[in-house]
Amino acid sequence: MKTEGLFTTHVKTVKFQEYNKPIKLWFLADVHANSKNHSRTLFDSFLQEASQNDYQHIFLSLGDSLDTCSDSERMSFKSMSFHDDTEETIEEVISRHTDEYIQKVSPVLGGKTIGVLGGNHWWKFEDSTTTEMRIARGLKAPYLGDACFLSLILQYRDTSFTH
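Keep in mind that what you see is a predicted model, and the values were worked out from it rather than measured.

What is the right way to look at the layout of surface pockets in this model?
Considering only enclosed or pocket space, the second largest pocket measures out at about 170 Å³ in volume. Lining the second largest pocket, in full, are Lys-12, Val-14, Lys-15, Tyr-55, Gln-56, His-57, Ile-58, Gly-111, Lys-112, Thr-113, Ile-114 and Lys-140. For the lining of the second largest pocket, the secondary structure elements donating two or more residues are strand E1 (7-16), strand E3 (56-61) and strand E4 (113-117). Tallied by class, residues from the lining of the second largest pocket come to 4 nonpolar, 4 polar and 4 charged.

Dropping the structure here:
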């Protein structure tokens, strides 16, 4: 599997308001939202559960949010010579899929996602961003690269008490 090869380190502080109220950390991996095999019903039920206010929810996306292109598919695209209009059409379709995913998940994950990792099903756009980079931006989360060291600090309100 070929990736962009980016390794990052991040420290993320998450504030919490109550000691007796659990924090749910959700991991999203291999959602492949635009795939024919994506379970929309199951994913919608996840979004419904994660939108409940019973707990404080935080999310970490582990990549492959979309089922865009694998490494071998990206290599095939690079080796082909497409007409400019065809390249633009491909970018527009993938950009639309990316925007649709962001619109669907941002009401639940937006501002609560502590990071977005790459994966192996991504597209590199003309502006050098990838699908996962755009998803991170849309969720107001840092893009963590293909691998990362993430230190999570839980901070009680605006005090100096951390865990």
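What follows continues from the structure just given.
Explanation requested: the packing of helix H3 (residues 84-109) against helix H4 (residues 131-138) in the structure shown.
Angle between the axes and distance between the axes are the two parameters that describe a pair of packed helices. Between H3 and H4, the shortest axis-to-axis distance is 10 Å and the interhelical angle comes to 35 degrees. Considering only the axes of H3 and H4, their crossing is right-handed. In this structure, H3 uses Ile-94, Ser-95, Thr-98, Tyr-101, Ile-102 and Ser-106 to contact H4, whose residues at the interface are Thr-131, Arg-134, Ile-135 and Gly-138. Residue composition of the contact of H3 with H4, by class: 4 nonpolar, 5 polar and 1 charged.

Each value, and the rule that gives it
Residues numbered from 1 in each chain as written. Predicted model: local features only at pLDDT ≥ 70, side-chain atom pairs only at ≥ 80, totals over all residues. Heavy atoms only, no water. 1 Å grid on protein atoms, 1.4 Å probe; cavity = no way out; pocket = protein on both sides within 12 Å on 5 of 7 lines; lining within 4 Å. Points joined across faces, edges and corners; volume = space filled by probe spheres on them. Helix = DSSP H or I, 4+ residues; strand = E, 2+ residues; numbered from the N terminus. Nonpolar A, V, L, I, M, F, W, Y, C, P; charged D, E, K, R; others polar. Axes fitted to C-alpha atoms, helices over the stretch in contact; angles between N-to-C directions. Left-handed = near helix turned anticlockwise from the far one by under 90°. Contact = heavy atoms within 4.5 Å.

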